[in-house]
Amino acid sequence: MQLKENQPQLVLADANVSSKNSLNVNDLGFTQADLQSDLSQKDLDTREDMLKIHQILGVVTEVPLLTEFVVGIATANNVANGSTNTTLVSDLGWATLALYATTASFEIFAPKPKNKKRSGNTGIHEALSWIHLPLMVLIPLTGDMLNDRIANNQPLGNLPVVHGVMATALLLSYSTSLLVITF
């Protein structure tokens, strides 16, 4: 295909190329530094591999998280009817936490380019992690407090409600985080 003589051309190879009919990277809001990665090819390959594992484990982690949520509701109903057995939900919670930590570590320790801000779905995914990460720490702590109170026949107070609200917020924020990056 032949371009007409006065038709604009897009030139990305050199930010200093200028012509009255061509666009350069500066015209598009990029600098030469934006076009160069500070990561080596080995680092980029490692990052890609680690983020693929992060994605796979993220989907895998959703299964025990959702299961734990459902088992937690059933356990809460059983405790309300006099049961003191919280072993299943407790063990499932610790297993979910371990899987979550493993999943997160693949993103945390992946090589990262400097000065790159996340945007779009990746930015939403990262923002949601600031909700589900603290909840993933707080929920097992409140769960242990509940288990101690249940085992010692102490009053539970509002702790089950707080635990349930946090668990719901965790499930929603984690699932949304998964959905925005997967689809």
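Anything mentioned here points back to the structure above.
A short tour of the structure in this document, coming up. (Residues numbered from 1 in each chain as written. Predicted model: local features only at pLDDT ≥ 70, side-chain atom pairs only at ≥ 80, totals over all residues. Heavy atoms only, no water.)

### A few points about the side chain of His 54
Logical step 1: On the secondary structure map, His 54 appears in helix α2 (residues 41-80).
Logical step 2: Residue His 54 is classed as buried on the basis of its relative accessible area of 15%.
Logical step 3: In contact with His 54, not counting residues within four places along its chain, are Thr 103, Ala 104, Phe 106, Glu 107 and His 125. (Helix = DSSP H or I, 4+ residues; strand = E, 2+ residues; numbered from the N terminus. Buried < 20%, exposed > 50% of the residue type's maximum accessible area, 1.4 Å probe, protein only. Contact = heavy atoms within 4.5 Å.)

### Quick notes on unusual backbone geometry
Logical step 1: With a phi angle near 55°, Asn 153 is a residue other than glycine that sits in the positive phi range.
Logical step 2: In this fold, Asn 153 is placed in the loop between α4 (120-151) and α5 (159-182).
Logical step 3: For Asn 153, a relative accessible area of 66% puts it in the exposed group.

### Considering the environment of Met 166
Logical step 1: Within the element layout of this structure, Met 166 appears in helix α5.
Logical step 2: Met 166 gets classed as buried once you look at its relative accessible area, which sits at 14%.
Logical step 3: Residue contacts for Met 166: discarding those within four places in its chain leaves Leu 135, Leu 138, Ile 139 and Thr 142.

### Focus on the pattern of salt bridges
Logical step 1: Under the criterion given, the structure shown has two salt bridges.
Logical step 2: With its nearest N and O atoms 3.5 Å apart, the salt bridge here joins Lys 52 to Glu 48. Taken together, the residues span about one helical turn, with Lys 52 and Glu 48 both in helix α2 at a distance of four residues.
Logical step 3: By relative accessible area, Glu 48 is classed as partly exposed at 42%.
Logical step 4: With its nearest N and O atoms 3.9 Å apart, the salt bridge here joins Glu 107 to Lys 112.
Logical step 5: The exposure class of Glu 107 is buried, given its relative accessible area of 17%. (Salt bridge = Lys/Arg side-chain N within 4 Å of Asp/Glu carboxyl O.)

### Side note on α5
Logical step 1: The first and last C-alpha atoms of α5 sit 34 Å apart over 24 residues, in line with the 34 Å expected at 1.5 Å per residue.
Logical step 2: The secondary structure elements touched by the buried residues of α5 are α2, α3 (87-108) and α4. (Expected span 1.5 Å × (residues − 1).)

### Some remarks on the packing of α2 against α3
Logical step 1: As a packed pair, α2 and α3 sit with axes 8 Å apart at the nearest point and diverge in direction by 160°. Compared by their axis directions, α2 and α3 come out roughly antiparallel. Considering only the axes of α2 and α3, their crossing is left-handed.
Logical step 2: Taken together, the residues of the contact of α2 with α3 sort by class into 15 nonpolar, 10 polar and two charged. (Axes fitted to C-alpha atoms, helices over the stretch in contact; angles between N-to-C directions. Parallel < 35°, antiparallel > 145°, perpendicular 65-115°, else oblique. Left-handed = near helix turned anticlockwise from the far one by under 90°. Nonpolar A, V, L, I, M, F, W, Y, C, P; charged D, E, K, R; others polar.)

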